[in-house]
Amino acid sequence: MELRCSDIPHVDLEINEEEPEPGILELLQILRPDWCLEQVYMKSFTEGITNRLIGCFVRPDQRPDPDSDLVLVRLYGRHTDLFVDRSREVQMVRLLESRGCGPKIYCSFRNGISYEYLPGAPLSDRLLTQPHIYRLVAAEMAMLHLVQIKNSESEEPVLWKKMEHLLNLIQMNQSEESQGNHSQSEESRHNHSQSESRFWSGLVPGPEVLRTEMVLLKSSLSRLRSPVVLCHNDLLTKNIIYNKEIGTVKFIDFEYCDFNYQAFDIGNHFNEFAGVSDLDYSRYPSPGLQKDWITTYLKNYSQETGSEVTEQEVTRLYVHVCKFSLASNLFWGMWAILQSKLSSIDFDFRSYAAARLKFYFEKRDQYLDLDPDLGPDRDLELGPDRDPDQDSNLYK
């Protein structure tokens, strides 16, 4: 299937982020003309830290069609178009819908998209560590990574290009703020300068240090030759919908979906075990959990060849994943720095950036020194400092 979005309806409408209800009702007149707008209920989902998500529905006894669905409306976060290719997102959602990997998209509009509600509930941090759950996630990710795109423009990994772009935006924003200070009073300039100095010297490293780390990772990780596949690139718990009744998981929110390194997508997901608003790296998955997850993934990823998965293959990917988890923390650390400057969402992006980058520097040398060709009988001291023999605690 070629990447096209011309068959996706587009509504020439911009919905006010502060007062979205009138605009959403106008959109629903087009998407659900049989709904009585006076009977529409709206629920705001608060977990997201990039966009705003609102669910729209009418009670079953008030629906012309009892099987009528819940419509999701996602409003893009302020200035997110600077680092998210929205046209590409629509293309990817349409493609994945056709392959059974994503929800049906109803339409795009000027500052968002609308798509179907997938039955189930977002995974909790507790469920994410349960073997029967994380094996479903591993299998679903393998299915996503097997999606092929005909006549694709490029299958180059998006990681380094995106990271470079984020860093350029950070430096551009820093320069604009510096120029803007000239028009402020001397006292305001002094206070702002002190605040920025504390931010860059205390909470997070400066742009020059971030660029040095990016160059280091690109040099080291590119040599691993991790397969380039179609990746989600943002698989946190709230982007995984678990349908308990039928025992399935589905992924949502594909705004960062693109070609990337296989090991990055997995390592990024493992980082998300630590959470978002209550980031805690003591929840980072143990070596035992990671190896079991990777074993399930490889069994599903290798289904076309039917070959047996060896312990050496598991260990090799395990080491690659640890290394690429560094790139994940550096990337989202940069992202959070930029969001702290631009986003209108009520979230402590600065502390989030500091925590992601702190863990990056704690693990950088340890992970980069790992040998991907270690034999399966070698003991690997990975993850937070924890006894691998205690892995079973995470399965409870």
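The structure under discussion appears in the preceding block.
Structure report, in brief. Computed from a prediction, not measured in an experiment: that's the story for all the values here.

### Remarks on the pattern of salt bridges
Tallying each qualifying case throughout the model produces 18 salt bridges. Between Arg94 and Glu97 there is a salt bridge whose closest N-O contact spans 3.9 Å. Pair noted here: Arg94 and Glu97 are both in helix 2 (residues 86-98), with a separation of 3 residues, about one helical turn. In this structure, Arg283 and Asp278 form a salt bridge, with 3.4 Å as the shortest nitrogen-oxygen distance. Accessibility expressed as a relative area gives 24% for Arg283, which makes it partly exposed.

### Comments concerning helix 11 (residues 349-368)
In this model, helix 11 (20 residues) spans 27 Å end to end at C-alpha, consistent with the 28 Å of a helix rising 1.5 Å per residue. Of all the bends in helix 11, the largest measures some 35° and sits at Glu362. Residues of helix 11 that are buried: Phe349, Tyr352, Ala353, Ala354, Arg356, Leu357, Phe359, Tyr360, Lys363, Arg364, Tyr367 and Leu368.

### A look at the sheet that holds strand 1 (residues 10-11)
Within the open sheet, the 6 strands sit side by side as 1-5-6-4-3-2. Their pairing is mixed. Of all strands in the sheet, those bounded by a partner on one side alone are strand 1 and strand 2 (41-45). Bridge analysis of strand 2 against strand 3 (residues 52-57) gives 5 bridges, and the strand direction is antiparallel. Across the sheet, residue Lys43 finds its bridge partner in strand 3, namely Gly55. Sitting on the sheet, helix 2 touches strand 4 (71-75), strand 5 (105-109) and strand 6 (112-116), and the angle it makes with strand 5 is about 170°.

### Quick notes on the packing of helix 7 (residues 207-221) against helix 10 (residues 311-342)
Two elements in contact, helix 7 and helix 10, have axes whose closest approach is 11 Å; the angle formed by their N-to-C orientations is 150°. The orientation of helix 7 with respect to helix 10, classified from their angle, is roughly antiparallel. The hand of the helix 7/helix 10 crossing is left-handed. Residues Leu210, Glu213, Met214, Leu217 and Leu221 of helix 7 form the contact with helix 10, whose participating residues are Lys323, Phe324, Leu326, Ala327, Leu330, Met334 and Ile337.

### A few points about the packing of helix 4 (residues 131-145) against helix 9 (residues 287-301)
The interhelical angle for the contact between helix 4 and helix 9, taken along N-to-C directions, is 40°, at an axis separation of 8 Å. Here helix 4 lies oblique to helix 9, going by the angle between them. Relative to helix 9, the crossing made by helix 4 is right-handed. On the side of helix 4, the interface is formed by Tyr134, Arg135, Val137, Ala138, Ala139, Met141, Ala142 and His145, while helix 9 contributes Leu289, Asp292, Trp293, Thr296, Tyr297, Asn300 and Tyr301. Partitioning the contact of helix 4 with helix 9 into residue classes produces 10 nonpolar, 3 polar and 2 charged.

### Thoughts on unusual backbone geometry
In the Ramachandran plot, His79 falls in the positive-phi region, its phi being about 70° despite a non-glycine side chain. Relative to the elements of secondary structure, His79 occurs in the loop between strand 4 and helix 2. One non-glycine residue, Arg225, lies in positive phi territory at about 55°. A residue is classified by how much of its surface remains accessible, and Arg225, at 74% relative accessible area, is exposed.

Quick notes on the rules
Residues numbered from 1 in each chain as written. Predicted model: local features only at pLDDT ≥ 70, side-chain atom pairs only at ≥ 80, totals over all residues. Heavy atoms only, no water. Salt bridge = Lys/Arg side-chain N within 4 Å of Asp/Glu carboxyl O. Helix = DSSP H or I, 4+ residues; strand = E, 2+ residues; numbered from the N terminus. Buried < 20%, exposed > 50% of the residue type's maximum accessible area, 1.4 Å probe, protein only. Expected span 1.5 Å × (residues − 1). Bend = angle between axes of the 7 residues up to and from the residue. Pairing = 2+ DSSP bridges. Contact = heavy atoms within 4.5 Å. Axes fitted to C-alpha atoms, helices over the stretch in contact; angles between N-to-C directions. Parallel < 35°, antiparallel > 145°, perpendicular 65-115°, else oblique. Left-handed = near helix turned anticlockwise from the far one by under 90°. Nonpolar A, V, L, I, M, F, W, Y, C, P; charged D, E, K, R; others polar.

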